[in-house]
Amino acid sequence: MRLEKCWFCSSTIYPGHGIQFVRNDAKIFRFCRSKCHKNFKMKRNPRKVKWTKAYRRLHGKDMTQDSTFEFERKRNRPERYDRNVTEMTLKAIKKIDKIRVTREAQHHKMRMKGKKAIEQEAAIKELENSINLVKAPAALQQGSEITLPKIKVKVSQSQDVGERMEE
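How each quantity is defined
- Residues numbered from 1 in each chain as written.
- Predicted model: local features only at pLDDT ≥ 70, side-chain atom pairs only at ≥ 80, totals over all residues.
- Heavy atoms only, no water.
- Helix = DSSP H or I, 4+ residues; strand = E, 2+ residues; numbered from the N terminus.
- Buried < 20%, exposed > 50% of the residue type's maximum accessible area, 1.4 Å probe, protein only.
- Contact = heavy atoms within 4.5 Å.
- Areas by Shrake-Rupley, 256 points an atom, 1.4 Å probe, with all protein chains shown as cover.
- Pairing = 2+ DSSP bridges.
- Arc of directions from axis to C-beta.
- Core = buried A, V, L, I, M, F, W, Y, C linked by side-chain atoms within 4.5 Å.
- Phe/Tyr/Trp six-rings, centres within 6.5 Å; stacked < 30°, edge-to-face > 60°.
- Lys NZ or Arg CZ within 6 Å of the ring centre and 35° of its normal.
- Salt bridge = Lys/Arg side-chain N within 4 Å of Asp/Glu carboxyl O.
- Disulfide = S-S within 2.5 Å.

### Quick look at the overall build of the protein chain
Then comes step 1: Regarding its fold elements, the protein chain presents 7 helices and 4 strands.
Then comes step 2: Listed by position from the N terminus, the elements making up the protein chain come as β-β-β-β-α-α-α-α-α-α-α.
Then comes step 3: The 167 residues of the protein chain split such that 16% are buried.
Then comes step 4: Here the contacts in the protein chain between residues at least 6 apart in sequence split such that 39% fall between residues at least 24 apart.
Then comes step 5: About 15,400 Å² of surface is accessible on the protein chain, with carbon and sulfur atoms providing 53% of the total.

### Digging into the pairing of strand E4 (residues 28-31)
Then comes step 1: Only one face of E4 is covered, namely the face carrying Phe-29 and Phe-31; the face carrying Ile-28 and Arg-30 is uncovered.
Then comes step 2: The antiparallel hairpin formed by strand E3 (residues 19-22) and E4 contains 5 residues in its connecting segment, where Ala-26 sits at a positive phi of about 70 degrees.

### Describing the pairing of E3
Then comes step 1: The sheet contact formed by E3 and E4 spans 4 bridges and is antiparallel. Paired with Val-22 across the strands is Ile-28, a residue of E4.

### Points about helix H1 (residues 34-41)
Then comes step 1: Taken together, the buried positions of H1 are occupied by Cys-36, His-37, Asn-39 and Phe-40. End-on view of H1: buried residues confined to an arc of 165 degrees, all on one side of the axis.
Then comes step 2: In the core, the buried residues of H1 are packed alongside E3 and E4.

### Side note on unusual backbone geometry
Then comes step 1: For Ala-26, which is not glycine, the phi torsion reads 70 degrees and is therefore positive.
Then comes step 2: Among the secondary structure elements, Ala-26 is positioned in the loop between E3 and E4.
Then comes step 3: The phi dihedral of Lys-43 falls on the positive side, at around 60 degrees, and the residue is not glycine.
Then comes step 4: Mapped onto the fold, Lys-43 is located in the loop between H1 and helix H2 (53-58).

### Quick notes on the nonpolar core
Then comes step 1: The biggest cluster of nonpolar side chains holds 10 residues, and these are Cys-6, Phe-8, Cys-9, Ile-13, Phe-29, Phe-31, Cys-32, Cys-36, Phe-40 and Val-49.
Then comes step 2: Elements with a minimum of two residues in this core: E4 and H1.
Then comes step 3: Those residues in contact with Val-49, other than ones at most four positions away along the chain, are Phe-8, Arg-44 and Tyr-55.

### Observations concerning the packing of aromatic side chains
Centre-to-centre distance and the angle between the planes together describe a pair of aromatic rings.
Then comes step 1: The full count for this structure, using the stated rule, is 7 aromatic pairs.
Then comes step 2: Considering the side-chain rings of Phe-29 and Phe-40, the 4.7 Å spacing of their centres and the 40 degrees angle between planes classify their relative orientation as tilted. Of this pair, Phe-29 sits in strand E4 while Phe-40 sits in helix H1, and the two are 11 residues apart along the sequence. Here the two residues Phe-29 and Phe-40 agree in accessibility, since each one is buried.
Then comes step 3: Counting every residue linked through ring pairs, the aromatic cluster contains Trp-7, Phe-21, Phe-29, Phe-31 and Phe-40.
Then comes step 4: Above the ring of Phe-29, the side-chain terminus of Lys-27 is found at 4.9 Å from the ring centroid.
Then comes step 5: It is Lys-35 that lies over the ring of Trp-51; its NZ or CZ is 4.1 Å from the centre.

### Observations regarding the pattern of salt bridges
Then comes step 1: Inspection of every chain in the model, using the stated rule, returns 5 salt bridges.
Then comes step 2: The shortest N-O distance in the salt bridge between Lys-91 and Glu-87 comes to 3.6 Å. One end of the pair, Lys-91, and the other, Glu-87, are both in helix H3 (residues 83-111), 4 residues apart, so they sit about a helical turn from each other.

### Re the state of the cysteines
Then comes step 1: Inspection of every chain in the model, using the stated rule, returns 0 disulfides.
Then comes step 2: Not engaged in a disulfide, the cysteine Cys-6 finds its nearest cysteine sulfur in Cys-9; these two sulfurs lie 3.7 Å apart.
Then comes step 3: Exposure remark for Cys-6: the relative accessible area of 3% places this residue in the buried category.
Then comes step 4: Looking at Cys-36, it has no disulfide partner, and the nearest cysteine sulfur is the one in Cys-32, 3.5 Å off.
Then comes step 5: Look at Cys-36 and you get buried, because its relative accessible area is 0%.

Remember that the coordinates give geometry; whether it matters functionally is a separate question.
What follows is the structure in structure tokens.
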């Protein structure tokens, strides 16, 4: 079973799925769905369309250089079947997938590092701009500062704890 890659979005195409387009010079273009085929016919550049792999890699959203991508390359060299080699290959594939997942998580973590502070600043700015939606206009006229009401909470201790402290 051969899994192909979509020419436009780089997603996998399973057997029996997708569309093939053959140009006059015998170049074959495979597309996973009609969305990719239509974008190709409209002569759109995959690097400028935000949902494609090419765009994500070009703009630093996905990993671009990693040694685990070396194993994904297509090889057209037939090899003689060997049970031991196949068994070792399957074990290696599991290890490589695990490594790739951890590296992608690390990449995502580095990308999202400063996002929380930026979101908080944006929330504070939004609150300052639209405080009249949160607080009543009469309350705004009385005091110019933004304050939240203080809540009093009664804390009661059991007698056992009080006796232990006396001892």
